[in-house]
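Here is what each chain is made of, one letter per residue.
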Amino acid sequence: MTATLAPSGQTATAEAAATSPSVLEIRPFDAPLGAEVLGLDLSQPLSAADFSRIHRAHLDHHVLVFRDQRITPRQHVDFSRRFGPLQIHVLKNFQLPNHPEILIVSNIKENGEPIGLGDAGHFWHSDLSYKDKPSLGSLLHAQELPAEGGDTLFANQHTAWDTLPLALKTAVQGLRAEHTYLAKYEELRSRSPWRPKLTQEQVDEVKPVVHPVVRTHPETGRKALFVSEHFTTRILDIPEDESKALLTELFEHTSRPELIYRHQWQPHDMVFWDNRSVTHLAAGTPDHLRRKLYRTTIEGDTPF
């Protein structure tokens, strides 16, 4: 339910808004996860009741698609902040001017220089799993979309855990794994015009961290696998060859087709996913087609 404006131009009281009929609709996809949010205009004030419905839907469906959101960067940031503090990406050269909370995800070049991170999401990952407090969720808002390509895939990691063979469940219980932003960085740099060489200060900002292989969602209590081919480098306290073999098996399991929702972007979509519940992958965009999106990232909790 969107708050209305009183004749004076002021926001109506909460009591009046509470009596207004809600037009917000949450429609689950015919997929292993995800739902679209219809009838909501995030350029307008959002009532506590509607925010609560969105929060609940995010926990239930893990990926929410807000259709046709014609919002400013400030409105994007303000909505994101309702879920918690925002995290600033280490690649600060791709910040949106005057909005450091927004990372530009784009393959566009201007004056021969990339304006954003053009190869974001090349490998399956959970955003900022390489931080002490990985991301709660990310909100990606479409600014300019290609005529073909550019899809984003999401894989349900609660279902990945639920369907893990018993022997593997037993093997990974209690194990911890190292995550580092640098795991694939040089490999991506070698084939990408978008990634700059990191300064020592940036390297220091993304020191390796250790998280449980199986994490518990802090709000729902559900277990999920928490490893990814992009950032997870090794499992601690077991031999290196066993770690490599186990991670290979987990990576394959966590991205099986039956776990995946494939998002085909529409103009002005904003997608909000739960990094505690899903991993995601960018399907790729043809080099000659322009793509630009704005991303905010909400800080989460220390995984347990």
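Keep in mind that this is a model prediction, so the values were computed, not measured. (Residues numbered from 1 in each chain as written. Predicted model: local features only at pLDDT ≥ 70, side-chain atom pairs only at ≥ 80, totals over all residues. Heavy atoms only, no water.)

**As for the sheet that holds strand S2 (residues 35-38)**
Note: strands within a sheet are paired through backbone hydrogen bonds, in either parallel or antiparallel orientation.
Thinking step 1. Across the sheet, eight strands lie side by side as S1-S2-S3-S16-S8-S18-S5-S4; this open sheet has mixed pairing. Each of the sheet's edge strands pairs with one partner strand only, and the pair in question is strand S1 (25-28) and strand S4 (95-96).
Thinking step 2. Relative to strand S18 (residues 292-299), strand S5 (residues 99-106) is paired through four bridges, and the arrangement is antiparallel. Paired with leucine 103 across the strands is arginine 295, a residue of S18. (Pairing = 2+ DSSP bridges. Helix = DSSP H or I, 4+ residues; strand = E, 2+ residues; numbered from the N terminus.)

**Quick notes on the nonpolar core**
Thinking step 1. Counting 27 residues, the largest nonpolar core has Leu40, Ile54, Phe66 and Phe79 as its most contacted members.
Thinking step 2. Elements represented by at least two residues in this core include exactly S2, helix H2 (48-61), strand S3 (63-66), helix H3 (73-81), S5, strand S8 (135-144), strand S16 (270-274) and S18.
Thinking step 3. Counting residues per element, this core draws most heavily on H2, at three residues.
Thinking step 4. In this structure, phenylalanine 79 is in contact with Leu42, Leu46, Ile54, Phe66, Leu139 and Met270, ignoring residues within four places of it in sequence.
Thinking step 5. Val63, Leu140, Tyr185 and Trp265 belong to the second largest nonpolar core, which has 26 residues in total. (Core = buried A, V, L, I, M, F, W, Y, C linked by side-chain atoms within 4.5 Å. Buried < 20%, exposed > 50% of the residue type's maximum accessible area, 1.4 Å probe, protein only. Contact = heavy atoms within 4.5 Å.)

**Looking at H2**
Thinking step 1. Counted at 1.5 Å a residue, the expected span for H2 with its 14 residues is 20 Å, and the 20 Å between its end C-alpha atoms agrees.
Thinking step 2. Its buried side turned inward, H2 meets S1, S2, S3, H3, S8 and S16.
Thinking step 3. Looking one or two residues past H2, histidine 62 carries a phi angle of roughly 75°, positive in sign. (Expected span 1.5 Å × (residues − 1).)

**Considerations on helix H8 (residues 240-254)**
Thinking step 1. Between the first and last C-alpha of H8 there are 21 Å, a value that for 15 residues agrees with the 21 Å anticipated at 1.5 Å per step.
Thinking step 2. Looking at the packing, one finds that the buried side of H8 touches strand S9 (152-156), helix H4 (157-162), helix H5 (166-172), strand S13 (223-225), strand S14 (232-235) and strand S17 (278-282).

**Thoughts on the pattern of salt bridges**
Thinking step 1. For the structure shown, the criterion picks out 20 salt bridges.
Thinking step 2. Between arginine 67 and glutamate 36 there is a salt bridge, and its shortest N-O distance comes to 2.8 Å. You can see arginine 67 sitting in the loop between S3 and H3 and its partner glutamate 36 sitting in strand S2, a full 31 residues away along the chain.
Thinking step 3. In this structure arginine 67 comes out as buried when scored by relative accessible area, which is 17%.
Thinking step 4. Using a relative accessible area of 12% as the deciding quantity, one classes glutamate 36 as buried.
Thinking step 5. As a salt-bridge pair, arginine 67 and aspartate 269 come within 2.9 Å of each other at their nearest N and O atoms. (Salt bridge = Lys/Arg side-chain N within 4 Å of Asp/Glu carboxyl O.)

Nothing here speaks to function; it is geometry throughout.
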